[in-house]
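# Survey of secondary and tertiary structure
As a plain string of letters, each chain reads:
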Amino acid sequence: MMQIKHAGQRMWFMGLTFLLVLGLASPGQAQRPFQIGYVYPAGGQQGSTFEIVVAGQFLAGADKILVSGPGVQATITEMIRPMTGREINDIRIQIDELVAKRAVVMKDYQALEQFRSFRKAKTLPKDSTADDEQIAELKRKYANATWTREDERRLMELRRKLAMAMRRPATPAISELVIARMTIASDAPPGQRELRLATANGLSNPLPFYVSRLPEISEPAVKQIPEQRSAVAGTAAIRIQQPRLPIEVSLPCVINGQMLPGEVDRYQFTAKKGQRLVAVVQARDLIPYIADAVPGWFQATVALYDKTGKELAYVDDFRFQPDPVLYCEIPADGVYLLEIKDALYRGREDFVYRITLGQIPWVTDIFPLGGPAAKDTVVVLGGYNLPVRTWTFSPKDVSPGIYTYWLDKNWPIPVPVRFAVDTLPETIEQEPNNSLSQAQPLPVPQIVNGRIQSPEDEDVFRVEGKAGQKLIIEVIARRVGSPLDSLLKLADTHGRLLASSDDMQDPTCGWLTHYADSRIEAILPTDGAYYVHLRDAQHRSGPEYAYRLRISPPRPDFELRVVPSAINVRPAGSVTCTVYAVRKDGFNGQITLRLRDAPTGFRVSGGLIPAGQDQAKLTITAPLFGSDKPYWLQLEGVATVDGQQLVRPVIPAEDRMQAFAYHHLMPAQELCAAVIGREWLQNMVKIVTPGPIQIPLGGLAKVQIQMPPAPMFDRIEWMLEEGPEGITVKETTQTGYTTEVVLTTDPTKLKPGQKGQITLCLIPRFQQRPKQPAKVPIRQSQWRLRLPAIPIEIIRNNP
C-alpha cells in the first residue's frame, strides 16, 4: 500500500483522487446521447433464429440487445459504421504507399508529387532524375518489386473506399448498424415487446419488437457496405436500378420489408375463392415519429391485384390511423399480388414495415368502449374473421384511464384493443333521443355509452342542475379507437347555447396527431334542466362511431409521464429526468414523487411537482456498485384531493419529435436503469444541510456541502443547473472539507410560500498560466458533478 508522507503529497493525492472521481462521474451524468432509429426485421416467429439489424448513432461499444419479456435472446455478431478520421487517414497512407511503389517500378518519378506523403518535395525538377534522399529510399525499397494486377486492383479499391468515406451519411441518425443473431424460443409469449441496445454508455431508447405465431418472410436488410458506399446510399441505388420481382409467399404469414426511395414492393400468393383476406400493415406503429421526415412517419399504402392486373382493393389508412388495413373477399381461385409503397414514393432505411397477411382475425371496433373498474364488462366485437363476437374485460387494480389489452387466448394472432376504465356509474344510450322532447334523462354523475347511428343522428341528453354548479362534459372516443369526430354542445331549457366544443388536446395520448374528442367545462347559471347535444362533426355514422360521454362534477386528478425511459448513471452518481404532470378537472395541488419497491441503493431526491406547475426535474441516485444487468424502476406520484390520497403511476415515455417541429410523449413499457462504470469506494461529495432549505425572499440562504479539497484546479465553480427562476448562486467559500454555497433570491420573480427544488453542480476550472504563450489556451475541463436535488421553500424576509 502506498504511504503519503508529506502534507503536500497528501493534498496532491487527494486532488488527484477527486479529479478521478469527477472523471468517473461526469460521463454518467451528462452522457453523449445515443439513439436507435430502427430495428429490422421488427419481429420474428416463435422457435426461429434469424439476423436482425439495429441502426442508430453513437453506438460504439454495443455489446447487448435486450428484449423485454421471456424467451428472446440476441448475440451481436458485427458492427458496421462510417469510417473514423483515423481509419480514413490509414487508407490515405496505404494509397500513398501504393502510388509510390508504382512510380518507382514504372520509373515515373513525376508521380511522386501527386501523393500526400511527398508533396513537400516541390523542389524536384519536372524531369527529375536527381538522386534525392526520398527517391533513393523508395528505389531501395522497391528495387526488386513488380507492379501486378492485384496491386492495381487494390489501389482502385482503396481509392473507391476513400471516395465513399469522404461522403457524409445521408441520414447520420441511422448511419451505424449493429448486426445480431436473434433466437426466439418456441414457448415465447406472442405479442409486442420492447427492444433496447446496451452499450458502454448505458441503454438506448426502446423500439417495438413483435413475437408472432405465424411464419415470417423478410426481404434482405439494407446494410452498410464500406467498400461500395458511405451510409446506405450505394445499396439503395443498386436496389432501385434492379427490377424488383414479386416475392412468393404462402398464407398466412408475416412479411417484413424496408422501403427505399422510389421502391414498390410486391408479394405474390395463391388464394381460394371466398377467402376473407386481411392485410394489416405496421409502419407508423413500429416507428411512430421520424424527426427529419414530413409528415413524420412512413405513410404506407397497400393494394391488391388479381393475375390480370386488375385492382381489387386499395387503402392508405385505417380510418384516422395512418397504418392501412386491407380487407377483401377473394373472388376466384388463383394467384394474387399485394403491393406496398409510400404514398409519395419516399423511402429510406427506417421506412420499416410488417404486413400480417391471410385469413386472420382483426378487431375494427368494440362496444361499449369501456367499463367500470373492478367489474366485468362484456364487449361486442366488430371486425374480420373473428373467432368470437364478445369478449369480457376484467380490469383489476387500475386507476381510471385508457389501457391496451391484447385478445390472445385461442386466437391465431394477438389483436390489440383499447379500453377505457372509470369509477363512475355507467349506462347505455337509449334511442330515440334526437330532440329536446326525446332527450334521454341522466343522473349526475354518469357515463353514457352510445353510438352515432346515422349521418343526421344527434344524441340529446337532459340533466338537472343547480345555479353555480360546475359540470365537466367530456367525450372519450378517438382516444380509444373510435373514428368519431365529436361535436359537443350545452344548451339551457330554452335552447340557448351556453358552450360548445369540437376538439381538445390530451398530451397523454402521444400516438394521436388529430385530437377529435370534445370537452366542456361549464358553471350552470340557474336551477333547472340542461341539454347536452352530441353528434359527429363530419356527419359520419355507423356501428363503429361509438363514444363514452362523461357528465359529472369536476374530479380533480392527474396523470404522470417520465422522460426518458432509460436512466444511465455511474455508481453512486445522480442523473435528472423530467416528470410531466397532466392535471385534470382543475387539480392544482402539489404532487410528491417516490420510488415504489426500489432496488437496493436507488433513491430519489427533489421529488416534488409544486402546486400549479406541470413538470419538474427529478434526481435519481444510483447505488454504490455497478451491475452488468439493468434495473427496472417504478415511480409513482402521490397527492391529496379533498382529504383523499391519490396514488398514480408514473408512466415511462420518450419525447419523440415529428417533422422537425412537433413533440409527442410516447409511452414505453418499462423504466430501465443502467449503472455503468467503475464503483466509487465512498460518497466523496454530499450535501450536509438538511432540506427543505428555506430561502428568505430578497435574502440569503446557505447550503453546506462536504467534499475533499481539489488543489489540482485553480477554482471550483458552482452552478445552479435547475431551479425556479429568480434563485442564483451568489458566492461560495471552502474551508477544509466544507464548502458553503450562498443562494440569493430576486423578489420580483418569486413569492412567499413558493416551493420547488434546485440542483447544484460543480465544474473544475483552470486558469491561463503567465508563462504559457497566449496562443495556447488551456482547455477548460468539461467534467461536471451533479448533486442530488434539494427541496426549497421561499419564505418572507423578516429582518
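Report on the accompanying structure. (Residues numbered from 1 in each chain as written. Predicted model: local features only at pLDDT ≥ 70, side-chain atom pairs only at ≥ 80, totals over all residues. Heavy atoms only, no water.)

## Section: the environment of Arg-548
How we decide: Helix and strand labels come from DSSP, where a helix needs a run of H or I of at least four residues and a strand needs a run of E of at least two; each type is numbered from the N terminus. Residue contacts are counted whenever heavy atoms from the two residues lie within 4.5 Å of one another. Residues adjacent in sequence count toward polar contacts only when both atoms are side-chain atoms; beyond that, a polar contact is any pair of N or O atoms within 3.5 Å, and within protein one must be able to donate a hydrogen and the other to accept it.
Tracing the chain through its elements places Arg-548 in strand E35 (residues 546-552). Note: C-alpha distance between Arg-548 and Phe-367 (181 residues apart in sequence) is 9.9 Å. Leave out the neighbours within four places in its chain, and Arg-548 touches Leu-369, Gly-370, Gly-371, Ala-420, Asp-422, Glu-426, Ile-447, Val-448, Asn-449, Glu-474, Val-475 and Ile-476. For Arg-548, the side chain forms a polar contact with the side chain of Asn-449, separated by 3.1 Å.

## Some thoughts on the sheet that holds strand E33 (residues 519-523)
Stated formally: Here the rule is simple: two strands pair whenever DSSP picks up at least two bridges between them. Helix axes are fitted only over the stretch in contact, all axes being lines through C-alpha atoms; the angle between N-to-C directions runs from 0 to 180 degrees.
Reading across the sheet, the five strands line up as E26-E28-E35-E30-E33 and stay open at both edges, with mixed pairing between neighbours. For this open sheet the edge positions go to strand E26 (426-428) and E33, each flanked by a neighbour on one side alone. Here the average twist between neighbouring strands, direction ignored, is 15°.

## Here's the deal with the pattern of salt bridges
Our working definition: Salt bridges are defined as contacts in which a side-chain nitrogen from Lys or Arg sits within 4 Å of a carboxyl oxygen from Asp or Glu. Burial here depends on accessible area, computed with a 1.4 Å probe over protein chains only, as a share of the maximum for the residue type. Under 20% is buried, over 50% is exposed, and the range in between is partly exposed.
Here the structure, examined in full by the defined rule, presents 35 salt bridges. Of the charged contacts in the structure, one is a salt bridge between Asp-585 and Arg-550, with a shortest N-O distance of 3.2 Å. Residue Asp-585 is located in the loop between strand E38 (574-584) and strand E39 (591-595), and its partner Arg-550 is located in strand E35; the two are separated by 35 residues in the primary sequence. An identical accessibility class is assigned to Asp-585 and Arg-550; each is buried. Members of the salt-bridge network, linked through shared partners, are Lys-470, Glu-474, Arg-479, Asp-506, Asp-517, Arg-519, Glu-521, Arg-550 and Asp-585.

## Observations concerning the nonpolar core
Where we set the bar: Here the nonpolar core consists of buried residues drawn from Ala, Val, Leu, Ile, Met, Phe, Trp, Tyr and Cys, with membership extended through side-chain atoms lying within 4.5 Å.
Ranked by internal contacts, the top residues of the largest apolar core, which has 41 residues, are Tyr-38, Phe-269, Leu-304, Tyr-353, Ile-355 and Leu-357. When residues of this core are assigned to their parent elements, the largest contribution, four residues, is made by strand E19 (residues 352-358). The contacts of Tyr-38, once residues within four sequence positions are left out, are Val-53, Val-54, Ala-55, Ile-174, Leu-177, Leu-207, Val-222, Gln-258, Ile-287, Glu-349, Asp-350 and Val-352. If you look at the next biggest cluster of nonpolar residues, it comprises 29 residues, including Leu-595, Leu-618, Ile-620 and Leu-646.

## Some thoughts on the pairing of strand E50 (residues 700-706)
Residues Ala-701, Val-703 and Ile-705 point to one face of E50 and are all buried, whereas Leu-700, Lys-702, Gln-704 and Gln-706, pointing to the other face, are not buried. Across two bridges, the pairing between strand E48 (residues 686-687) and E50 is antiparallel. Each bridged residue has a counterpart across the sheet, and for Ile-687 the counterpart in E50 is Ile-705. One ladder, built from seven bridges, connects E50 with strand E53 (residues 738-745); its direction is antiparallel.

## Thoughts on the sheet that holds strand E23 (residues 390-393)
Taken in spatial order, the three strands make up an open sheet running E20-E22-E23, and their pairing is antiparallel. The open sheet terminates on both sides in strands that have one partner only, identified here as strand E20 (362-367) and E23. Looking at each pair of strands side by side, their axes are set apart by 40° on average, direction ignored.

## Re unusual backbone geometry
Across the junction of Phe-367 and Pro-368, the peptide omega takes the value -5°, indicating a cis bond. Inspection of the secondary structure puts Pro-368 in the loop between E20 and strand E21 (370-372).

## Considering helix H2 (residues 85-105)
Rules: What a helix is expected to span follows from its residue count: subtract one and scale by 1.5 Å.
Between the first and last C-alpha of H2 there are 31 Å, a value that for 21 residues agrees with the 30 Å anticipated at 1.5 Å per step. Along H2, the residues that are buried comprise Ile-88, Ile-91, Ile-95, Asp-96, Leu-98, Val-99, Ala-100, Lys-101, Ala-103 and Val-104.

## A closer look at the side chain of Arg-478
With respect to the element layout, Arg-478 can be found in the loop between strand E30 (470-476) and strand E31 (486-492). In this structure the side chain of Arg-478 is engaged in a polar contact, spanning 3.5 Å, whose partner is the side chain of His-514.

## What about the packing of H2 against helix H4 (residues 149-165)?
Packed helices, taken two at a time, are described by the angle between their axes plus the distance between the axes. Where we set the bar: Take the far helix as your reference; a near helix turned counterclockwise from it by less than a right angle gives a left-handed crossing, and one turned clockwise gives a right-handed crossing.
Put simply, H2 and H4 touch, their axes get as near as 10 Å, and they point 150° apart. By crossing handedness, the relation of H2 to H4 is classed as left-handed. Residue-level contacts link Ile-88, Ile-91, Arg-92, Gln-94, Ile-95, Leu-98, Val-99, Lys-101 and Arg-102 of H2 to Asp-151, Glu-152, Arg-154, Leu-155, Leu-158, Arg-159, Lys-161, Leu-162 and Ala-165 of H4.

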